[in-house]
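Residues per chain, in single letters:
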Amino acid sequence: MKTFRFVLSLSITLALGISLNSKIGSIPPLGKFLSPFHGFWQNAENTSIDIESQSIEELLIDSVNIHFDELMIPHVFAQNEKDLFFTQGYITAYHRLWQMEFQLYSAAGRLAELLGPKVGNTSIVDIDRRMRRIGLMYGAQNSENLFKKEEPEVYELIKSYTAGVNAYINNLSYAELPIEYKLLDYEPEEWTPLKCFLLISNMNNMLSRGERDLEHTNALKKWGRETFDILYPERPDTIDPVIPIGTTFDFDPILVEKPDISFPLKFTEPLIEAPNPDNGSNSFVVNGNKTANGRVILTNEPDLSLNLPSIWYVMQLNAPSMNVMGATLPGGPGVIIGFNDSIAWGNTNAKRDLVDWYHIRFKDEGRNEYLYNGNWVPTKKVVEEIKARGSFSYYDTIIYTHHGPVVYDRNFTSSKSEVSNLAMKWTAHEGSKEIKALYLGNKASNYDEFVEAFSYFSGPPQNYSFASVSGDIALWVNGKFPVKWKEQGKFLMDGSNIDHEWKAYMPQAHNLYVKNPPRNFVSSANQHAADSTYPYYQYDYSFEHYRGRRINDRLRVMDNIKVEDMMELQHDNFNYNASEALPMMLDSLDSASFTDLELSYYSQLKNWDYFNEPELQAPSIYESWWRKLNAKLWDEIDSSEVAVYRPNWYNTIEILKSNPDFFMIDIQDTETRETAGDLFRITFKETAAALAKHSQEDGNSLEWYEYKNTSIRHLLRISPFSKGRIKIGGNRSIVNAASGSHGPSWRMVVELGDGEVNAWGVYPGSQTGNPGNPKYGHMIEDWASGQYYKLLFKQALTPADEAVEHSITLKPAR
């Protein structure tokens with residue numbers, strides 16, 4: 001009996017031990033996870049910085065000193081560039097290793113390896129298939145091969161960065177792993193130079209993949225040219241472009257004539273989600289003629305997804321050949337947005353259609369050849385293995401043509417599509433040299449060196465703003481732009497017809513730029529790049545119509561500008577959209593018939609000054625009304641059996657004002673024919689009822705920040721690691737572009753002149769990515785309330801400096 005009890009006890013103990021150390025579904029191995037010596041307890045930190053000096057075997061040439069300030073910003077002082085970039089990789093991994101890896105698992109189409117084939121009803125395998133098919137890794141490999149061949153010196157620095165990441169990884173025990181590794185039960189893999197290039201591909205995916213070619217094709221076939229042009233006009237009369245109107249262009253452009261062709265008008269169903277159209281930025285620079293002290297001031301704020309850990313990681317990098325500081329991207333070398341001793345730069349997304357779709361005709365079911373220019377051309381087949389954790393491997397064959405990967409084919413298509421075999425041509429698939437551009441830009445000391453550096457920047461195309469201690473200001477639209485005839489790539493094209501092909505790329509010298517303009521400022525906010533006198537065809541479906549106009553309106557009248565004025569403009573909450581739509585909407589209402597509640601809402605809107613301040617209710621009332629109006633107006637689009645999309649907000653207002661008989665204004669499911677006024681009255685009543693219901697629910701407020709609910713969510717959507725209901729105004733299409741989950745991801749203001757560089761910055765997060773760190777997310781409230789931190793930027797620092805919180809030294813083992 002005793003033997004039986006012993007065996008039973010041992011069996012239960014072993015079973016419990018096995019279960020506690022095995023991952024069950026989404027639950028991590030509880031034995032390891034709960035262990036006080038190795039599990040999540042080890043991720044709780046009593047101090048904000050706990051890294052110590054170390055010896056690094058055979059990887060460093062000389063000692064490197066790293067000083068952390070009160071914001072946990074590392075200031076890296078190295079004696080050569082290889083050690084500098086090695087240490088950048090090492091220290092970035094210390095704070096952001098899991099984020100670095102996870103974002104590139106996503107970009108590489110490898111999430112199923114971590115999450116399994118499905119999470120809830122979402123197929124992770126299908127998400128991975130989409131990422132593989134659009135070719136992010138294909139573009140990264142082409143860029144790495146290009147660097148190996150043409151830029152060996154810069155490639156060596158990328159290898160140094162990689163070695164630094166791996167040196168940190170190789171010293172980690174399970175107890176020291178970031179908590180997300182323990183939750184998902186996996187360990188970091190070796191970093192490679194290819195991952196640095198994949199990071200650039202991932203930025204292209206966010207910022208240059210946007211297009212609506214297939215939706216345009218559907219709309220043109222469904223409604224015809226007249227309706228298409230009403231819904232999606234290319235250039236409104238009121239644009240205030242990046243390059244000032246009246247700028248002359250002193251070059252002979254490459255000319256391409258539109259051939260006499262027809263587009264293959266076939267209904268198709270896109271299966272790949274478009275990037276967030278709100279991805280963008282603001283940047284504006286004023287010269288000494290506009291400032292109170294005669295110095296130049298540059299500002300920048302990239303508007304991107306609001307996540308924890310934050311997109312950006314701030315560093316100072318100092319070596320004999322450079323002294324630069326600013327926002328870096330975890331996973332890649334150098335500073336993306338920042339300043340050095342002589343210049344400052346920022347960037348905004350330069351909207352341009354860089355993705356075109358081509359219908360491919362295969363010779364037969366074998367798909368070994370396709371028709372192009374009257375000849376059968378061989379394809380290339382790549383078999384992608386998608387590993388799914390705890391399940392199977394899925395094999396997906398992707399066909400490559402000279403246009404690019406055939407994204408939609410018999411294995412990846414929709415039953416709504418009349419045609420399959422669509423190849424994706426995208427500039428991001430071609431090898432490019434962005435890392436070289438950033439490397440040279442970090443070292444540039446004047447305008448000419450800045451222009452030379454960023455001439456290597458292909459994508460995602462950016463409006464690069466510039467300021468220097470010598471007083472120059474400038475803006476360059478940098479990127480690799482195909483020369484297109486009018487409407488080329490706006491619709492699905494014939495992949496067999498050479499006349500549909502891109503014929504050339506614009507020379508760098510033909511890219512748009514302006515230096516020291518008479519108006520004494522430059523600015524960009526993702527609007528049209530130039531007026532119609534620019535000799536190249538420029539098109540994008542998602543140009544911004546409000547932020548740029550508001551910024552330029554203010555800068556034209558501002559004088560004696562101080563740093564604080566530029567900060568205030570970054571936080572401007574004026575709702576340009578409401579200022580142009582709301583008077584028309586209110587004029588249609590008859591307040592005599594209102595209930596008390598409706599009259600209250602009406603009065604708030606009538607007295608509103610169009611500023612989306614966080615504690616006001618009027619922005620919430622307007623936002624709700626505007627949404628309901630758009631849903632009622634565009635019911636034909638929302639219920640379409642084929643994929644189409646709503647017109648932008650600016651054009652919606654233009655249609656309501658100037659085209660009152662447009663057939664879509666009528667509501668589909670009623671027998672009467674509604675006018676625009678009818679829509680305003682109906683949707684106002686619906687808005688009042690919906691807001692009353694909203695207010696009656698527990699905890700709901702109509703104060704704008706509560707209603708909007710700007711939230712910064714952890715990448716794994718873990719609530720305790722996230723922060724919601726942040727008290728901030730603004731919204732999409734407002735200069736302070738903080739919407740529900742999107743907004744200013746880094747705010748920077750730099751003042752240059754009199755031999756000095758002073759800078760301020762803030763972002764919605766923290767340097768640390770560890771939720772157990774006492775400073776996790778500590779900058780969020782200051783970011784929301786408009787506060788900035790003065791950035792520590794010196795030629796030299798020591799542990800004795802008052803601003804230094806913690807110092808370490810990395811030494812070669814010898």
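See above for the structure.
Residues numbered from 1 in each chain as written. Predicted model: local features only at pLDDT ≥ 70, side-chain atom pairs only at ≥ 80, totals over all residues. Heavy atoms only, no water.

Draft legend 1. Quick look at the nonpolar core. Within the largest apolar cluster, 176 residues are counted, with the highest numbers of intra-cluster contacts made by Ile91, Trp312, Phe339, Trp357, Phe450, Phe454 and Trp746. At 14 residues, helix α3 (residues 81-107) tops the list of elements feeding residues into this core. Phe339 has contacts with Asn323, Val324, Met325, Ala344, Trp345, Met748, Val750, Val757, Ala759, Leu791 and Phe793, leaving out every residue within four places of it along the chain. (Core = buried A, V, L, I, M, F, W, Y, C linked by side-chain atoms within 4.5 Å. Buried < 20%, exposed > 50% of the residue type's maximum accessible area, 1.4 Å probe, protein only. Helix = DSSP H or I, 4+ residues; strand = E, 2+ residues; numbered from the N terminus. Contact = heavy atoms within 4.5 Å.)

Draft legend 2. Summary view of the environment of Asn560. The topology assignment puts Asn560 in the loop between α13 (547-557) and α14 (563-570). By relative accessible area, which is 57% here, Asn560 ends up exposed. Not counting chain neighbours up to four residues away, the residues in contact with Asn560 comprise Lys290, Thr291, Ala292 and Asp565.

Draft legend 3. Spatial organisation of α13. The set of residues buried in α13 consists of Arg547, Gly548, Arg549, Arg550, Ile551, Asn552 and Leu555. The inward-facing, buried residues of α13 contact β6 (280-286), β7 (296-305), β24 (521-524), α14, α15 (576-587) and α19 (649-658).

Draft legend 4. Layout of the sheet that holds strand β19 (residues 422-426). The strand order across the open sheet built from four strands is β18-β19-β13-β22, with neighbouring strands paired in mixed fashion. Among the strands making up the open sheet, the edge pair consists of β18 (406-408) and β22 (493-494). Direction of pairing for strand β13 (residues 355-359) relative to β22: parallel, over a ladder of two bridges. When the bridges of β22 are listed, His359 appears paired with Asp494. (Pairing = 2+ DSSP bridges.)

Draft legend 5. Region of interest: the pairing of strand β28 (residues 756-762). In terms of residue burial, β28 counts as a mostly covered element, since six of its seven residues are buried. The pairing of strand β27 (residues 747-753) with β28 spans seven bridges and is classified as antiparallel. Each bridged residue has a counterpart across the sheet, and for Glu751 the counterpart in β28 is Asn758. Note that β28 and strand β29 (residues 789-790) share two bridges and pair antiparallel. Each bridged residue has a counterpart across the sheet, and for Trp760 the counterpart in β29 is Lys790.

Draft legend 6. How the structure looks around the pairing of strand β9 (residues 313-319). Burial analysis of β9 places seven of its seven residues in the buried class, which makes it a mostly covered element. Burial along β9 is two-sided: the residues Tyr313, Met315, Leu317 and Ala319 and Val314, Gln316 and Asn318 are all buried. Of the pairings in the sheet, the one linking strand β3 (residues 74-77) to β9 comprises three bridges and is parallel in character. Across the sheet, His75 pairs through a bridge with Gln316, a residue of β9.

Draft legend 7. A look at the pattern of salt bridges. Within this structure, the stated rule accounts for 49 salt bridges. One salt bridge connects Arg725 with Glu706, and the closest N-O pair in it is separated by 3.4 Å. On the criterion of sequence distance, the pair formed by Arg725 in the loop between β25 (713-714) and β26 (742-744) and Glu706 in helix α21 (residues 704-708) is long-range, its members being 19 residues apart. In this structure Arg725 comes out as partly exposed when scored by relative accessible area, which is 41%. Look at the salt bridges and you will find they share partners, linking Arg225, Asp229, Glu234, Lys258, Lys486, Glu487 and Lys490 into a network. (Salt bridge = Lys/Arg side-chain N within 4 Å of Asp/Glu carboxyl O.)

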